[in-house]
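What follows is the residue order along each chain.
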Amino acid sequence: MKLKDKVVVVTGAGNGLGRQMVFLLLKKGAHVAAVDINSAGLQETQAQAGSVKGELTLHTVDISNRDSVSDLVDEVIAQHDHVDVIINNAGVIHPFESFENLDYAIIERVINVNLYGVINITKAFLPFLQQRPQARIVNISSMGGLFPFPKQTLYGATKAAIKLLSEGLHA
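Residues numbered from 1 in each chain as written. Predicted model: local features only at pLDDT ≥ 70, side-chain atom pairs only at ≥ 80, totals over all residues. Heavy atoms only, no water.

Draft legend 1. Spotlight on the overall build of the chain. Looking only at helices and strands, the chain features five helices and five strands. Rg of the C-alpha trace for the chain: 16 Å, near the compact-globule value of 16 Å for 171 residues, within the 12% margin. The buried share of the chain, reckoned over its 171 residues, is 41%. Contacts spanning at least 24 positions in sequence make up 66% of the contacts within the chain whose residues lie at least 6 apart. Surface accessibility of the chain: about 9200 Å² in total, with carbon and sulfur atoms responsible for 55%. (Helix = DSSP H or I, 4+ residues; strand = E, 2+ residues; numbered from the N terminus. Rg over C-alpha atoms; globule rule 2.2 N^0.38 Å. Buried < 20%, exposed > 50% of the residue type's maximum accessible area, 1.4 Å probe, protein only. Contact = heavy atoms within 4.5 Å. Areas by Shrake-Rupley, 256 points an atom, 1.4 Å probe, with all protein chains shown as cover.)

So, in structure tokens, the structure goes:
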């Protein structure tokens, strides 16, 4: 898919891999809706985007919250008119602890961001993607979803779920 003039939603765009994807997409001429829970991180992404930042909109959203994601869809469609690609990149890890030592608050946060965040974004944007002549869903998983890593059991489980979700959507 050629990215020039395509509208791409990128979660986790406030730092790391998400930020780098935003830069690359902008260089390829895409219009990017950058999404992150961290407003300061999004501002930094915009500041680092340089002269192409005019193709960038910022959206501070908790992707684990369905209502917030619904509002995000409304914002993106209002600002960009349509969506061609979603990149579900946002994710969190948990402390390197044995599963039995993980607090339920940590367990819920990892599942809510890593799994429900992807589900929420995908389900909310899917009707708009289906209207496009070409559309893509890109879900970022992890090697932790393919192979068990000690003391990252829950993280690996959420990333394995993303892999299977992606395969199911493709099928």
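Draft legend 2. Representation of the pairing of strand E5 (residues 136-139) within the structure. Relative to E5, strand E4 (residues 85-88) runs parallel, the two being bridged by four bridges. Note that in E5 the partner of Ile87 across the bridge is Val138. Handedness of the β-α-β unit built from E4, helix H4 (residues 104-129) and E5 comes out right-handed. (Pairing = 2+ DSSP bridges. Right-handed = clockwise from strand over helix to strand, strands pointing away.)

Draft legend 3. Quick peek at the packing of helix H3 (residues 66-80) against H4. Put simply, H3 and H4 touch, their axes get as near as 9 Å, and they point 35° apart. Crossing of H3 over H4 shows right-handed handedness. Between H3 and H4, the residues in contact are Arg66, Val69, Leu72, Val73, Val76 and Ile77 and Asn120, Ile121, Ala124, Phe125 and Phe128, respectively. The class makeup of the residues in the contact of H3 with H4 is nine nonpolar, one polar and one charged. (Axes fitted to C-alpha atoms, helices over the stretch in contact; angles between N-to-C directions. Left-handed = near helix turned anticlockwise from the far one by under 90°. Nonpolar A, V, L, I, M, F, W, Y, C, P; charged D, E, K, R; others polar.)

Draft legend 4. Representation of the pattern of salt bridges. Per the stated rule, a full pass over the model turns up two salt bridges. Among the ionic pairs, Arg132 bridges to Asp84, the shortest N-O distance being 2.8 Å. Placement of the pair is Arg132 in the loop between H4 and E5 and Asp84 in the loop between H3 and E4, with a sequence separation of 48 residues. Looking at Arg132, the relative accessible area reads 28%, which means it is partly exposed. Accessibility expressed as a relative area gives 1% for Asp84, which makes it buried. Where Glu167 meets Lys163, a salt bridge forms, and the shortest distance between an N and an O atom there is 2.6 Å. With Glu167 and Lys163 both in helix H5 (residues 153-170), this residue pair falls four residues apart, about one helical turn. (Salt bridge = Lys/Arg side-chain N within 4 Å of Asp/Glu carboxyl O.)

Draft legend 5. The arrangement of the pairing of E4 in detail. Because side chains alternate across E4, one face comprises the buried residues Val85 and Ile87, and the other comprises Ile86 and Asn88, equally buried. Note that strand E1 (residues 7-11) and E4 share three bridges and pair parallel. Looking at E4, one finds that Val8 is bridged to Val85.

Purely geometric numbers; function is a separate question.
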